Structures are given as structure tokens and as C-alpha cells.
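Residue-level listing of the chains:
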Amino acid sequence: MTDPLLLLQAAADTSRAYGEFPVIGARAFVWITAEVHLMFAAFVLGVPMFAVVTEAIGIFGGDERYDRLSKEFTRLLLVAYSATAIWGAMLVFGLSTLYPRFWAYLTTIFAPSMWLYAALFFVESFTLYLYYYGWDRWKKGRAKLGHWTLGILLNVWGTIVMFIANAWLTYMMSPPRDITPTTDPTTIKLWHAIANATWMPINVHRVIANVVFGGAIVGAYASYRFLAARTEEERAHYDWMGYVGNFIAMSALIVLPFAGYWLGREIYQYDQSMGITMMGGFMSWLWVIQAFLIAVLFLTGNYYLWIGMGRIPGAERFRPYTKYLLIVLVLGAIVWGTPHTMIADSKELAAMGGSHHPFLGALGVMSAKNTAVNLMILTTFLSFLLYRRANTRPVVPWARAGTIIQGAMFAVAAGVVLFYGIRGYFVEAIVRIGFSVYQVLAVLSCIVFVTVIDILMARGAQSLGAIRWGRMPPRSQYALFILAVTFTWLMGLMGFARSGIRQYWHVWQVMQDTSKYAATPALGYASKMISLCVLIFLSLVAFVFWLGGLAEKSTFVATAEGEKGARHVGH
Amino acid sequence: MSSPLRPAIRRYAEHPFWQAVGILLLAYIVVVGVVPILPGSAIVPKSVVLQYMITVLVGVLIYVSDNEERWRQFKEPIQAVLVEPRLKVVRAVVVAGVTALVGLVAYGQVKTTVAAPPNLRSIHPAPPAEITFRGKTITLTGLENPLRRYPDSLPSYLAEGKRVYYQNCLPCHGDHLDGQGHFAPGFNPLPANFQDNGTIAQLTESFVFWRVAKGGPGLPREGTPWNSAMPVWEDFLTEREIWSVILFLYEQTGWTPRTWEKSVSGEK
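Residues numbered from 1 in each chain as written. Chains lettered and ligands numbered in written order. Predicted model: local features only at pLDDT ≥ 70, side-chain atom pairs only at ≥ 80, totals over all residues. Heavy atoms only, no water.

Moving on, we come to the interface of chain B and chain A. Of the residues lining the interface, 54 residues belong to chain B; the matching set on chain A comes to 59 residues. Taken together, the links from chain B to chain A amount to 3 salt bridges. Between A:D345 and B:K46 there is a salt bridge whose closest N-O contact spans 3.3 Å. Counting the contacts that link chain B with chain A gives 12 residue pairs in polar contact (both at pLDDT 80 or more). At 13 residues, helix α3 (residues 46–65) of chain B tops the list of elements feeding residues into the side of chain B that touches chain A. Grouping the amino acids of the side of chain B that touches chain A by side-chain chemistry returns 26 nonpolar, 19 polar and 9 charged. (Contact = heavy atoms within 4.5 Å. Salt bridge = Lys/Arg side-chain N within 4 Å of Asp/Glu carboxyl O. Polar contact = N/O pair within 3.5 Å; in protein donor to acceptor, adjacent residues only side chain to side chain. Helix = DSSP H or I, 4+ residues; strand = E, 2+ residues; numbered from the N terminus. Nonpolar A, V, L, I, M, F, W, Y, C, P; charged D, E, K, R; others polar.)

Take a look at the structure:
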């Protein structure tokens, strides 16, 4: 991009290219509406995934509690859908009145996809109405399967809608290389613009993240109802619901870093300077905060499981080991959060000989961080395994051999992760990057094979007693709150990182932002804006929860089924 | 040690509250006292000490509260100090101690010092895809040191690089290429330490070329202020001299430059 072209572009801006919004300014308005819209969108995409999975468990597992749980959440979706649409409309009005030149450019390229988007949103809404209002009508037999199919369709429409919107924002980030500032937007083929370098990685990352988010919001809802519960039975129901939400959130969280890594790699491949700005440049501090927040997620998720062992007969066998898991997690969090470039005063800088610490600096590079996160994932998986097994004793004749094989798989996976982590320090960068693939493969293989063995081993297992649902201290429920708040904050934070690396471009190196808000905001300002968005979203979600309780009684029915609760998801 | 003391010590060692205190103290001693005395190490910046201690504190709180019995035991001494009449003196000392600590921290925060405030700066500026060097356009993406194409001439290039380094770079980057030149103490940020595994070891030669050629004024718009005192060397050195000095840097430090990733089609 040469300077004369930029000058031409700036000169063209004498026509009305930007509008102004009172008090908070155009950028802040678009920022807030886009972020809150996205959070609600994640809510209405994540929760149906949750609902359809739990409904399936209800149908095929024969446990009606799951069916009621699924319905309770679909009810919340009705209000959340309108909130999503309202915030979406505000965003579109904001873009078209405050950034008209940019919006005109985007609509010129993407118009047909926008029509399809609107049509699908319509179809999606009506599928939701059918899904919710038909719940009690299509309750049995084939009709129930048809109802479940509606739930699947709801997810299909929602996912396509998200993929379309992802195309617009990823085009802004990574337009195909043959598109330049002089390219007439009417000549750009729609599919060419959609299938840009970061479209599919973002699609995958967001699908998984929505599952995590849906589970976390369900967990927060359950904890709110648990703390407000008046009877033991109600408490038991919401304790169980919180567990299911947390289980789904943490299971999906385990694979989320791999999808994020793929996205990061694609950004580097597309434009090295964009990648460096994101990971090593002025956005790098966000990754230190992100590391800290993800460590909070891992620690809190595990904490919830460990407290939960208190209500499982037989869990005493495993409790002595949780402290070792905690040590690995804390050490992992320390390594993961160690910055490569440290904040130091001049005396400390002089002592270190620069802003890299001569000893701890070794923990600030990717080899150490990949090793730490992979070991944290393995540890969290082990926590789940212990929790899952807590109230059962396997009876299959090969149980001992199976456990030994599982242990060996953990040892091999941890060994592979450590080996490549250490070896990474002694090879050049290009080889080191490839090592992370081996580390990920080792961890994923371990998770898959150990789970398969565990499922086979659990066949006909002897029960050591029913789980005492509801026997949880309030602090365990605050842990679920922390998870939901942290996930929401992380979404805002990393969304800013992804969007902010475009810097002063509406469309990277194609259309420059020539407004007075072109400068990338300082991190302090950004974190305040993100916190504000999180606050707005969570306040509205609290309102939705309250409405959910106001409209009708919870789907919880106080019956003897509450006593049945010895089952786990996945058993 | 007399024998009646042993059970008392054991009681403390097994009590979750004192275990928590012990772990925190131990962690602090390791981070502040042990890490700096390890070979080749240095003091740990306060920001990192704080970060580590918060992480350990979270871990300790999880440990003491993930089990009902342990949580009850952990709270016992705290509750006792707060309410039991027999511990009036201890309570007074704790209240005075906490107040004094808060006062000290506040004083430390507002006290004026001569030191410049800590700087939250990024160390990896993003390079442009191409630059102009004395009017000639050079594409940095995929670029390797052109002098490496002539292995027979490498000794002469290295000799030239050495001359260039000692004539121009030595005052800041030092005789050992460790950023400890005799001008170094006057700069903030300090000149780059090439021996460190976090500088040229992580970079492609084209990145280093861009940094040498364009210096501090050529740093990108984002992440400012950079405050770099690095001169714009394209005004004083030729293209070949810069590539030669880059060869010299890698040869002297023993690092290998970062290489470019090849795409599926085999292009760089």
C-alpha cells in the first residue's frame, strides 16, 4: 500500500464517511452494540446446543430430568432471542449511520448473504417457537423424535447464521490478497470474499466456544437457583443442573485451546506482521491477562469438581490425590502467565540486562507455555476421570489391567508433552512450531483412548452409593458464577484482540479508517469498555433469569425422582 | 529439640491454616530469595513477584477450601483471633499489623522516587511486508540474508561485519554483544542483548535488517512511544554492510536465524 493511495482514500472522505454519536462517540457505540450482540448471539447459539444434547440424553437414556432441564433452558431462549435481535438491530443502525462509507462497501460485497441471513433468522425464530411450544404436545414416541429434530434444525440454522456473520468480520480481517484499495467492490465475487483465510478457523473456534459459553451460562443459572432454593429437593435439582452445565463447559473448554491455536496460526500465515502485533507486539499483554483468566477457569472448574466429591460416596479414595493435581495446575498457571517482556522499573531492568529475565525468561516462550497448557488439560481430564469413577467400582475382570493401561497412557502423554517442550529450546523456531502438533496429538489421543477404556470398564460397575445432590456448600456455586463471568470477560477481551489487530484499517490493507477514532485504544481504555459490555450483558441475563422464574414455575417437579440421582452424564 | 515440642510442631505443621501460611512464605522465599541466586539469574521484578504470589494464594485458598473438614479447620484460628477474649492481645497486634501494612503499601505507592515508572512496552514491533532502502523497494517477507548465497565469501563478509560492528554498534551493544556497551546505562529501554535467547535468536534476518536500517524512527505507529535511541543506519551504512553485520551477530552469538515457513506449494 503506497502513500498516494492512502491520500486519495482520505481525500474521498470529504464526502460524509462518518457520523457522530452523542456523549460516548461513534466507536464506543458500535463497540458496545457489537459486543453485547455477540454475547447474546453466543448465548442463543450455545444454549440450544446444550438443550438438544440434554434432550437426547433424556430420550435415549430414559431419564426425564434431562428433558425438563432442556425445556427450562429453551424457555430462557425466547427472551434471549429478542435481546439478540434488538442489539443486532442497534448494531446495524449504528454501522449504517455512523460508518456509512464502510457499511456501503461491506453491503456491496455481501448483500446476498445479508438477505439470506435475515431469512434464516426468521426461520430460526419460528423453529424455536415450534420447539418450545410443541414440547408438551410432541412428548412421546415418534413425535418426540420429530421434536428433537426441530432442536437439531434450530442448531443448524443458528450455526449457518453465525457462519454468514463470521464471513463479514473475517473479511475485514483477512481479505483475499488479490483485493486491493483500488479493487471495485462490485467486482468481488461473494464466495471469494466469504472463503477468506480466517473464516473457517473462526467458525470452528466459535462453535466450540459457544458450547462452552452455553454450559457456563447454564451453570450460572443453576447456581443462582440453587442459592435461592427453599427446599432440599429443589437444591438437589439445581445442584445437578449446575454439574451438567459445568461438565459440558469444561469438556468443550479442553479442546478450545487447540481451535484457538489453529486460528492464531492462520493469522500468522495470512500476515506475519498481524500475527506479531497480536502475539508479540502491543496486543501481547492481552495474552498474559488471557493466560491468567484461563488459569482461573481451569482452577475454578477443578475446584468445583473437588468440592463436589464431598457429596459422592466412595470419593474419599481419590481425595488425597487432588492436592497433587492442584500443584500441577498452579505451576502450570505460573508458567503460562509468565510474561516474556516483563514490567520492570529501571533498576530491575538494569539488573536483568533488558526486559527479558535471564532465568524466568525461559518460561515466557511458546515451548514452556504449550507444555504448561497441555499438562493443565491432562490434569483437568484426570480430575474428571476421578470424579466420574468416584462412586463406582469396576467389576470387569480386566479392571486392574485397564487402569494400569490408562495410567500408562497418561504417563506417555505427559512424557511426550514434556519431551517436546524441553526439546523445543534446542531447535530452531520453525521446527519448534511443529512440536506443538505432537503435543496436542498426544493429549487428544490420551483423552480419547482413556475415555473409551473408561466407558468399557464402567459396564455393570458396582455402585458405592447414590450421589447426595444438593449437599454442596454455597462457595461451590460461587465457583460456577466465576466461571460464567470469566468466560464472558474472556470473550470480550479476545474479541478485542482479534478485532484490534486490524489497527487503523476497516478492512486490513484495503480500506483505511480515516475517522477520528482510527487509533487503536490503549489497553486500559479497552479493558474498561470490555468490562462495561460484560456488565451490561450479565445484568440483562440476570433479568432474563428472573423473567424465567416469573413467567412460570421452574420445570423442577418435586417427586421421588430426586432420589434417583446417582447417575452422571456419560454413565 | 526437646520431645514435648515435637507434637506441638506437628500440630502446627498439620493444621491447614499454618500450612497455608507456610506455603505462602516458602513461595515468597523461592521467588524473591532463591531464583535471583541461581546461576545466570537476576532479581525478579516486583510485578512478576505479585503475579506469582497471587497465583499461589489462589492455589492455597483452593487447597484449604475444597474439603469441608479442612475448610472448617482453616477458619478456626481466624475466628478465634477475631472473637475469643483470651486472644485480645493477639487481636490488637493483628489489627495494628494489618493497618500498618496497608499504610506501608500506600506509602510505597505514593512515595516519590527518582526512578522512571515501569514501562509497559512490547518488545516485538510488527515488521512491514516491504520497505524502501535508499529508494529501492525491498520485500521483507520470505527474504533471507543474500550474502549466505556465497559461502566461499563468508569469511570476508564476516570480517566486514566485525569491522562495521566495532565501528558503529559497540558503544551501545557492547564488546560481548550483550547490550552492555559503555553508553548502555544512559538508555531506557536498554540496547538489545544479542546473547539473550529472546532477541535475534527468535527473529528472521530480514527482521533484523529492517530494525538496523530503519532504527528507532522507523518503528511502527502502534505501541508508541518506543523511546528507542537506535539510529537510522541506512543513512550511514550500505545494504551489504548491514547484511554483513547481521552475519557477524549470528556467527558471534552462535544463534541461528529464524527461517521462513514453507507453504504447501513450496513457496516461502
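On we go from here.
Quick look at the confidence of the model for chain A now. Residue and element names in this part refer to chain A. When pLDDT is averaged along chain A, the result is 88; 94% of the residues meet or exceed 70. Looking across chain A, the model is least confident in helix α1 (residues 3–12), with a mean pLDDT of 63, and most confident in helix α6 (residues 190–194), with 96. Long-range and interchain partners of residues 560–571, a stretch whose pLDDT sits below 50, account for 32 contacts in this model, where long-range means more than four residues apart. (pLDDT = per-residue confidence, 0-100.)

Right, let's talk about the domain arrangement of chain B for a bit. When its domains are assigned, chain B resolves into domain 1 (5–110) and domain 2 (130–253). Between domain 1 of chain B and domain 2 of chain B, the C-alpha centre-to-centre distance is 48 Å. (Domains from an automatic or database assignment.)

Here we come to the domain arrangement of chain A. Residue and element names in this part refer to chain A. Entries for chain A in the domain assignment read domain 1 (22–314 + 473–554) and domain 2 (319–389 + 392–463). With 25 residues of domain 1 at the interface, the matching set in domain 2 holds 29 residues. With both sides pooled, the region where domain 1 packs onto domain 2 buries about 2500 Å², and carbon together with sulfur makes up 80% of that total. If you look at where domain 1 meets domain 2, you find 0 salt bridges. Inspection of the region where domain 1 meets domain 2 yields 6 residue pairs in polar contact (both at pLDDT 80 or more). Of all the secondary structure elements, the ones that give two or more residues to the side of domain 1 that touches domain 2 are α8 (232–270) and α10 (284–308). Of the residues forming the side of domain 1 that touches domain 2, the biggest block, 11 residues, is contributed by α10. Along the lines of polarity and charge, the residues of the side of domain 1 that touches domain 2 split into 19 nonpolar, 4 polar and 2 charged. (Buried area = accessible area lost by both parts, 1.4 Å probe.)

Okay, the side chain of A:H340 next. Position of A:H340 relative to the elements: it lies in the loop between α11 (319–337) and α12 (346–352). For A:H340, a relative accessible area of 15% gives the class buried. If we skip the residues at most four places from it in the chain, A:H340 touches A:S355, A:H356, A:G361, A:G364, A:V365, B:H124 and B:G198. (Buried < 20%, exposed > 50% of the residue type's maximum accessible area, 1.4 Å probe, protein only.)

This part is about helix α14 (residues 399–423) of chain A. Residues and elements named next belong to chain A. Its 25 residues place the ends of α14 36 Å apart at the C-alpha level, agreeing with the 36 Å of an ideal helix rising 1.5 Å per residue. All of the buried residues in α14 are A399, G402, Q406, F410, A413, V417 and G421. Against α13 (366–389) and α15 (429–457) lie the buried residues of α14. (Expected span 1.5 Å × (residues − 1).)

Further remarks concern the packing of α11(A) against α13(A). Residues and elements named next belong to chain A. For the pair α11 and α13, the least separation of the axes is 9 Å and the interaxial angle reads 155°. One finds that α11 runs roughly antiparallel with respect to α13. Relative to α13, the crossing made by α11 is left-handed. Of the residues in α13, those touching α11 at L325, V328, L329, G332, A333, V335, W336 and G337 are A368, K369, A372, V373, L375, M376, T379, T380, L382, S383 and L386. Class assignment for the residues of the contact of α11 with α13 results in 13 nonpolar, 5 polar and 1 charged. (Axes fitted to C-alpha atoms, helices over the stretch in contact; angles between N-to-C directions. Parallel < 35°, antiparallel > 145°, perpendicular 65-115°, else oblique. Left-handed = near helix turned anticlockwise from the far one by under 90°.)

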